[in-house]
Amino acid sequence: MNIRSFGRSPRGERLARIRSTENYRNGSFQNVEPTEVNPGNVSIFRILKGMLSRPSSVRPSTEIPNVRSDLKELDRERPALVWFGHSSYFLQVDGFKILVDPVFSGNASPFRFFGKAFEGSDHFNAEDLPELDLLILTHDHYDHLDWPSIKKLVPKTGSIVASLGVGAHLEYWGVEKGKITELSWWQDHTVNEKIKITATPSRHFSGRGFKRGETLWSSFVLRVNGYKFFLGGDSGYDKRFSEIGKRFGPFDLAFLECGQYNKYWPQIHMFPEQTLMAGKDLQAKQIIPVHWGKFVLSTHPWNEPIRRFTSAAEKEGFSYAAPKIGEPCYFQEKYDQQDWWEFETKTTDHGR
C-alpha cells in the first residue's frame, strides 16, 4: 500500500467552488433524494459477519471467459465498446477514443488483501490502451478511481473530465491542472467540435478515507458525433433517471450498474431489476450492464447480477449487450449474445 493512493481532500479555490454549489450542505455533497448508505442502521458487526461468511460462489471457480483484443487496432469505421469488467470500459466512435473509470491494478482497494480481481478479468493494463482523447472519472471510490492506472494513462490522455472535487486527487498525483475539467451536476463541457459531455446526478456517495462526501459523484451524458451515451457511474434507483431521460433521451447506449447490491445498502446501488427500470426511464435503446464480473464487493454469487438482469430484460423484450471482458462489441451491428457467464454450470454438467 502507498499512502498517496488515498489522495487529497479539496482545498483553496476548488473547495470554495464546492461550497458554492447547491447540493453541498453541512460539509458534504448531498443526494437529490434523501439517501442513507445503511438506511436500516444495521450494525457494522452484522454487515462484516455477512461479508466474512459469504459463500464460495461470490467468485468464479476458474478463469472467466475473456478476449485479448488489440485495442490499438480496432476498426475505426465501426463504433465499438470494450468492457474490462466492473465499471471500466472503452468507447471508440469515428476514431475518437474514450475511457471510463479505468481500474487496471488488479484490486478495487489500496489493500492487496481486499478486492482482488477475478482470474481472467484482469489481463488488460494501461499499456494496452491507445492514445486517448478523453478520460472520464465518475467518482473517487477505489473501484472507479485507481491511482496506479491514472499514473500510467495520463501521459497518453488528451483531457480528463471528472466530478467536482476529484481533481484534488489528480493534482496530488501529479496530473497537470490544465488537463482536468471538473463538473458539478447539469454542467456542460465541450471537449471538441464533436464531443460534448454533461454531468448529471446519481444517487450514491464518495470518499477514499473515513470522511464521505468531500467530492461529487456523477453520471454523465456523453454526445459523440451524433451518438448519445449515458454513463451511469454508481447509483441507487431514483427519479433522476426519468428526469435525465426527458431532458436528454433517447440514448443509443446506457451503461448502468448491475451488481454489488445488498439489502443493507438498497439506496446506493441498484438491484438488477432496477437496472432495467432505469434504462426504460432513460429511454435507452440498449443497456450495457456493468459493475459486475470482476470484484467481490457484496455477498451475492458473482454471476447472479447478470442472470437476474437478463431474465428481466428478456421478459420485456428490452435490448441489451453483455460482451465478454475484452471482447469488442460493435453496437451499431447485430450482436451475437452468448450466456458466457454460465461456463461454470456447463463445465460441471459436462463432467457428470
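Please refer to the structure higher up on the page.
In this report, we go over the structure that sits alongside the text. Being a predicted model, the structure only gives us computed values, none of them experimental.

1. Thoughts on the pairing of strand β14 (residues 287-290)
A regular strand carries its side chains on alternate faces of the sheet.
Thinking step 1. Side chains Ile287 and Pro289 project from β14 onto one buried face, and the interleaved Ile288 and Val290 project onto a second face that is buried too.
Thinking step 2. One ladder, built from 4 bridges, connects strand β13 (residues 253-257) with β14; its direction is parallel. Residue Leu256 lies in a different strand from β14, and its bridge partner there is Pro289.
Thinking step 3. Where the polypeptide runs from β13 across helix α6 (residues 272-281) and back to β14, its parallel neighbour, the crossover connection is right-handed.

2. Here we look at the sheet that holds β14
Thinking step 1. If you walk across this open sheet you meet the 6 strands as β9-β10-β11-β12-β13-β14, and the pairing is mixed. Unpaired on one side and paired on the other, β9 (188-192) and β14 mark the two borders of the sheet. Neighbouring strand axes in the sheet, compared pairwise and without regard to direction, differ in orientation by 15° on average.
Thinking step 2. Bridge analysis of strand β10 (residues 195-200) against strand β11 (residues 219-224) gives 6 bridges, and the strand direction is antiparallel. Counted as the bridge partner of Lys196 is Arg223 from β11.
Thinking step 3. Sheet strands in contact with helix α5 (residues 240-248) are β10, β11, β12 (227-231) and β13, and its direction is about 20° off that of β11.
Thinking step 4. Against the sheet, α6 makes contact with β13 and β14, and its axis sits at roughly 150° relative to β13, the strand it touches most.

3. Things to note about the state of the cysteines
In protein chemistry, a disulfide is the covalent bond that joins the sulfur atoms of two cysteines.
Thinking step 1. Going through the model one piece at a time under the given rule, you end up with 0 disulfides.
Thinking step 2. Of the cysteine sulfurs around Cys258, a residue in no disulfide, the closest is that of Cys329, at 16 Å.
Thinking step 3. Residue classification places Cys258 among the buried positions, given a relative accessible area of 0%.
Thinking step 4. Judged by relative accessible area, Cys329 falls into the buried class, the value being 1%.

4. Side note on empty space enclosed by the protein
Any space left empty among the atoms is revealed by the rolling of a water-sized probe across them.
Thinking step 1. Applying the stated criterion to the full structure yields 1 cavity of 30 Å³ or more.
Thinking step 2. Of the volumes computed, that of the largest cavity is approximately 50 Å³.
Thinking step 3. Around the largest cavity, the lining residues are Val58, Phe118, Gln260, Gly293, Phe295, Val296, Leu297, Ser298, His300, Pro301 and Trp302.

5. A short note on the layout of surface pockets
Thinking step 1. If you add up the space inside the largest pocket, you get close to 1400 Å³.
Thinking step 2. Taken together, 33 residues line the largest pocket, and the ones lying closest to its centre are Met51, Phe114, Phe205, Arg212 and Leu297.
Thinking step 3. For the lining of the largest pocket, a count of residues per class yields 18 nonpolar, 10 polar and 5 charged.
Thinking step 4. Estimated volume of the second largest pocket: approximately 260 Å³.
Thinking step 5. Looking at the second largest pocket, it is lined by 13 residues, and the ones nearest its centre are Glu22, Asn23, Val32, Trp185 and Trp186.
Thinking step 6. Per-class residue counts for the lining of the second largest pocket are 4 nonpolar, 5 polar and 4 charged.

6. Here we look at the nonpolar core
Thinking step 1. Ranked by size, the top nonpolar core spans 61 residues in total, and within it Ile136, Leu222, Phe229, Phe230, Leu231, Phe255 and Leu256 carry the most contacts.
Thinking step 2. Excluding residues that lie within four positions of it along the chain, Phe229 makes contacts with Leu91, Val93, Phe220, Val221, Leu222, Val224, Phe251, Leu253, Phe255 and Phe331.

7. Digging into the environment of Asn41
Thinking step 1. Turning to its location among the elements, Asn41 is positioned in the loop between β2 (28-29) and α2 (44-52).
Thinking step 2. Considering only alpha carbons, one finds Asn41 and Arg68, 27 residues apart in sequence, at a separation of 44 Å.

8. So, the packing of aromatic side chains
Thinking step 1. Inspection of every chain in the model, using the stated rule, returns 25 aromatic pairs.
Thinking step 2. Aromatic pair Tyr237 and Phe241: ring centres 5.9 Å apart, planes at 20°, arrangement stacked.
Thinking step 3. By relative accessible area, Phe241 is classed as buried at 4%.
Thinking step 4. Of the aromatic side chains, those joined through ring pairs into one cluster are Trp83, Phe118, Trp292, Trp302, Trp340, Trp341 and Phe343.
Thinking step 5. One cation-aromatic arrangement involves Arg68 over Phe124; the distance from NZ or CZ to the ring centre is 4.7 Å.
Thinking step 6. Lying over the aromatic face of Trp186, Arg247 brings its terminal NZ or CZ to 3.9 Å of the ring centre.

9. Quick notes on a nonpolar patch on the surface
Thinking step 1. Taken together, the side chains of Ile44, Leu48 and Leu52 define a hydrophobic patch exposed on the protein surface, amounting to about 370 Å² of accessible area.
Thinking step 2. Mapping Ile44 onto the fold places it in helix α2.
Thinking step 3. Judged by relative accessible area, which is 59%, Ile44 ranks as exposed.

10. Points about the pattern of salt bridges
Thinking step 1. Throughout the structure, instances matching the rule amount to 17 salt bridges.
Thinking step 2. Two residues, Glu171 and Arg14, come together in a salt bridge whose shortest N-O distance is 2.6 Å. In this pair, Glu171 sits in helix α4 (residues 167-172) while Arg14 sits in helix α1 (residues 12-19), placing the two residues 157 residues apart along the sequence.
Thinking step 3. Of the residues examined, Arg14 reaches a relative accessible area of 16% and is grouped as buried.
Thinking step 4. A salt bridge links Arg78 to Glu333, with the shortest nitrogen-to-oxygen separation between them at 2.8 Å. Taken together, the residues span a long stretch of sequence, with Arg78 in the loop between α2 and β3 (80-83) and Glu333 in the loop between α7 (304-315) and α8 (343-350) at a distance of 255 residues.
Thinking step 5. We classify Glu333 as partly exposed; its relative accessible area is 37%.
Thinking step 6. Overlapping salt bridges, with partners in common, bring together Glu33, Asp238, Arg240, Glu243 and Arg247 in one network.

What counts, and where the lines are drawn
- Along each chain, the written sequence defines residue order, and numbers are assigned to residues from 1.
- A pLDDT threshold of at least 70 governs which residues receive local features in this predicted model, and a stricter bar of 80 or more applies before side-chain atom pairs are shown or counted, although totals over entire chains, interfaces and linings include all residues.
- As a rule here, side-chain values cover all heavy atoms of the structure and leave hydrogens and water aside.
- Each residue gets one of three labels from its accessible area relative to the maximum for its type: buried under 20%, exposed over 50%, partly exposed in between, using a 1.4 Å probe on protein chains only.
- The numbering of helices and of strands both runs from the N terminus, where a helix is a DSSP run of H or I of at least 4 residues and a strand a run of E of at least 2.
- Strands are labelled as partners when DSSP assigns at least two bridges between them.
- Note on handedness: a crossover is taken as right-handed if, strands pointing away from the viewer, the path from the first strand over the helix to the second is clockwise.
- Only the stretch in contact is used when fitting a helix axis, every axis being a line fitted to C-alpha atoms; angles between N-to-C directions are given from 0 to 180 degrees.
- What makes two residues a contact is simply this: any of their non-hydrogen atoms within 4.5 Å.
- The disulfide definition used here is simple: a pair of cysteine sulfur atoms within 2.5 Å.
- Residues are said to line a cavity or pocket when one of their atoms sits within 4 Å of a point; the points come from a 1 Å grid over protein atoms alone, cavities being sets where a 1.4 Å probe fits but cannot get out and pockets being open sets with protein on both sides within 12 Å along at least five of seven lines.
- Grid points are joined across faces, edges and corners, and a volume is the space filled by probe spheres set on the points.
- Note that Gly is not counted as nonpolar here; it falls among the polar residues with everything else outside the nonpolar set of Ala, Val, Leu, Ile, Met, Phe, Trp, Tyr, Cys and Pro and the charged set of Asp, Glu, Lys and Arg.
- Among buried residues, those of type Ala, Val, Leu, Ile, Met, Phe, Trp, Tyr and Cys that are joined through side-chain atoms within 4.5 Å constitute a nonpolar core.
- Note on aromatic contacts: the rings of Phe and Tyr and the six-membered ring of Trp form a pair at centre separations within 6.5 Å, being stacked when their planes are under 30 degrees apart, edge-to-face when over 60 apart, and tilted otherwise.
- Should the NZ of a Lys or the CZ of an Arg lie within 6 Å of a ring centre and within 35 degrees of the ring normal, that charge is described as sitting over the ring.
- Note that patches include only residues with greater than 30% relative accessible area and no salt bridge, and the join distances are 9 Å for like charges and 5 Å for nonpolar side chains (Val, Leu, Ile, Met, Phe, Trp, Tyr).
- Residue burial considers only the protein chains on display, and all accessible areas are found by Shrake-Rupley using a 1.4 Å probe.
- Here a salt bridge means any side-chain nitrogen of Lys or Arg lying within 4 Å of a carboxyl oxygen belonging to Asp or Glu.

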